[in-house]
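Overview (structure and organization)
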Amino acid sequence: MDKIIEVKNLHKHYGAVKAVRGMDFYVERGKLFAFLGPNGAGKSTTIDMICTLLKPDEGEVIIDGFYLGQEDDRIRAVIGAVFQESILDDRLSVRENLMVRARFYSKDHRGIRAAIEKVIKVAELTEFIDRPYGKLSGGQRRRADIARALINTPKILFLDEPTTGLDPQTRKSVWDMIARLQKEMKMTVFLTTHYMEEAAKADYVIIVDHGQVATKGTPYELREAYSTDLIKIKPMETMRGRLIEYLGEQGLESVERERVFQIAIRSSQRAIELLMASREWIESFEVIHGTMDDVFLNIIGKEQKEND
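A brief report on the enclosed structure follows. For clarity, every value in this text was computed on a predicted model and none was experimentally measured.

Details of the sheet that holds strand E9 (residues 204–209)
Pairing is mixed across the open sheet formed by six strands, whose spatial order is E6-E7-E8-E3-E9-E10. Single-partner strands in this sheet number two, and they are strand E6 (79–82) and strand E10 (212–217). Between one strand axis and the next, the sheet turns by 20° as a mean value, whatever way the strands run. One ladder, built from four bridges, connects E6 with strand E7 (residues 156–160); its direction is parallel. Bridging across to E7, Val82 finds its partner in Leu159. Sitting on the sheet, helix H1 (residues 43–50) touches strand E3 (32–36), E7, strand E8 (188–192) and E9, and the angle it makes with E3 is about 135°.

Written as structure tokens, this is what we have:
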């Protein structure tokens, strides 16, 4: 397993407030990694430490083989970050903003021009490259922000809620670009988001709460463990009683509305068993799979109850 980020026993306190309390996780190279949690869970503090913006009180962080606190300049050279609030200048054109950013990494004018032309092409900025950043639409700004983070050709791209406030069509456009960048540049993407449908695209997900890891796994594993499928069955009129009898035998609770029975099922395997057993009685059915929203709410709700 090729780990590009390793976080071990990470702590950060602000007086009596324990923002991060023993965080442990790793990120595999080239993967899309989702880092989720409610506001105040410690996400931003953890990311700020990984990105060398904050000094940990305790713990160890290794980025692409470099140790936080010892090789911070080398860490900064392999990461790029897009935060919720843009750091580009509204008055400068996109090209001028990229030029300023590129000069942080190199004094080679030819190399700077080549780097800018590369990100213009990759992020598809040609249409508005010489327009003032402050005059751009929300989607264009996000693409320019991401291009700014790509100037140094990072191995890891941190995206802190990259599509907040964008309309669905623009969000899709931004995500199409992110997917293409990850594939073409073989980047590791470290994502935070409040849109659970975006988290569902990740290769691996960690949910944090109260400064600690609450749970982790692939989206499929988390949905299987923390969400339920909903099966809607409309039985043949003459078989309604038989279906009710079978559900009772199986200990399955149901709600009937206009001849349609709604049954919550904990696993896909159980759903298959139910449908196979009742197939001769069914007029029609629908299976609604559990979502990452369900996972998030179940995990955070459970954590809050345990800490009350």
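Considerations on the layout of surface pockets
Here the largest pocket is characterised by a volume of approximately 220 Å³. Contributing to the lining of the largest pocket are Cys51, Thr52, Leu53, Arg76, Ile79, Gly80, Ala81, Phe83, Ile87, Arg101, Tyr105 and Arg148. The element that contributes the greatest number of residues to the lining of the largest pocket is E6, accounting for three residues. Partitioned by chemical class, the residues of the lining of the largest pocket number seven nonpolar, two polar and three charged. Volume-wise, the second largest pocket comes out at about 190 Å³. If you trace the second largest pocket, you find 13 residues lining it, with Gln84, Ser86, Arg142, Asp145 and Thr164 closest to the centre.

Overview of the packing of aromatic side chains
Applying the stated rule across the entire model yields eight aromatic pairs. Taking 5.7 Å as the distance between ring centres and 20° as the angle between the ring planes, the aromatic pair formed by Phe25 and Phe33 counts as stacked. Accessibility classification places Phe25 together with Phe33 in one group, the buried group. Between the aromatic rings of Phe35 and Phe190, the centroid separation amounts to 5.3 Å while the plane-to-plane angle is 55°, which identifies the pairing as tilted. You can see Phe35 sitting in strand E3 and its partner Phe190 sitting in strand E8, a full 155 residues away along the chain.

Considering unusual backbone geometry
Glycine aside, residues mostly have negative phi angles, and peptide bonds mostly take the trans form. Positive phi, close to 55°, is recorded for Asp64, a residue that is not glycine. Among the secondary structure elements, Asp64 is positioned in the loop between strand E4 (58–63) and strand E5 (66–67). In the Ramachandran plot, Glu258 falls in the positive-phi region, its phi being about 50° despite a non-glycine side chain. Tracing the chain through its elements places Glu258 in the loop between strand E12 (254–257) and strand E13 (260–265).

Things to note about the sheet that holds strand E1 (residues 3–14)
The strands making up a sheet are joined through hydrogen bonds of the backbone, oriented either antiparallel or parallel. Within the open sheet, the four strands sit side by side as E2-E1-E4-E5. Their pairing is antiparallel. Every interior strand has two partners, whereas the edge strands, strand E2 (17–28) and E5, have only one. Alignment of E1 against E2, held across nine bridges, turns out to be antiparallel. For Tyr14, the partnering residue across the bridge sits in E2 and is Val17.

Here we look at the pairing of E7
The buried fraction of E7 amounts to five of the five residues, a majority that puts the element mostly inside the structure. Burial of E7 is two-sided: the residues Ile156, Phe158 and Asp160 facing one way and the residues Leu157 and Leu159 facing the other way are all buried. Here E7 runs beside E8; their pairing, made up of five bridges, is parallel. Within the sheet, the bridge partner assigned to Leu157 lies in E8 and is Val189. A crossover links E7 with its parallel partner E8, the connecting element being helix H6 (residues 168–185), and its sense is right-handed.

Brief notes about a nonpolar patch on the surface
A cluster of nonpolar residues, Val100, Phe104 and Tyr105, forms a patch on the protein surface that exposes about 310 Å² of accessible area. With respect to the helices and strands, Phe104 occurs in the loop between helix H3 (94–102) and helix H4 (109–122).

A closer look at the nonpolar core
Counting residues in each nonpolar core, the largest one holds 47 residues, and the members touching the most others are Leu36, Leu98, Leu125 and Ile146. Ranked by size, the runner-up nonpolar core spans 29 residues in total, among them Phe25, Ile47, Ile50 and Val78.

Rules of the game
- Residues numbered from 1 in each chain as written.
- Predicted model: local features only at pLDDT ≥ 70, side-chain atom pairs only at ≥ 80, totals over all residues.
- Heavy atoms only, no water.
- Pairing = 2+ DSSP bridges.
- Helix = DSSP H or I, 4+ residues; strand = E, 2+ residues; numbered from the N terminus.
- Axes fitted to C-alpha atoms, helices over the stretch in contact; angles between N-to-C directions.
- Contact = heavy atoms within 4.5 Å.
- 1 Å grid on protein atoms, 1.4 Å probe; cavity = no way out; pocket = protein on both sides within 12 Å on 5 of 7 lines; lining within 4 Å.
- Points joined across faces, edges and corners; volume = space filled by probe spheres on them.
- Nonpolar A, V, L, I, M, F, W, Y, C, P; charged D, E, K, R; others polar.
- Phe/Tyr/Trp six-rings, centres within 6.5 Å; stacked < 30°, edge-to-face > 60°.
- Buried < 20%, exposed > 50% of the residue type's maximum accessible area, 1.4 Å probe, protein only.
- Right-handed = clockwise from strand over helix to strand, strands pointing away.
- Patch = residues over 30% accessible without salt bridge, like charges linked within 9 Å, V, L, I, M, F, W, Y side chains within 5 Å.
- Areas by Shrake-Rupley, 256 points an atom, 1.4 Å probe, with all protein chains shown as cover.
- Salt bridge = Lys/Arg side-chain N within 4 Å of Asp/Glu carboxyl O.
- Core = buried A, V, L, I, M, F, W, Y, C linked by side-chain atoms within 4.5 Å.

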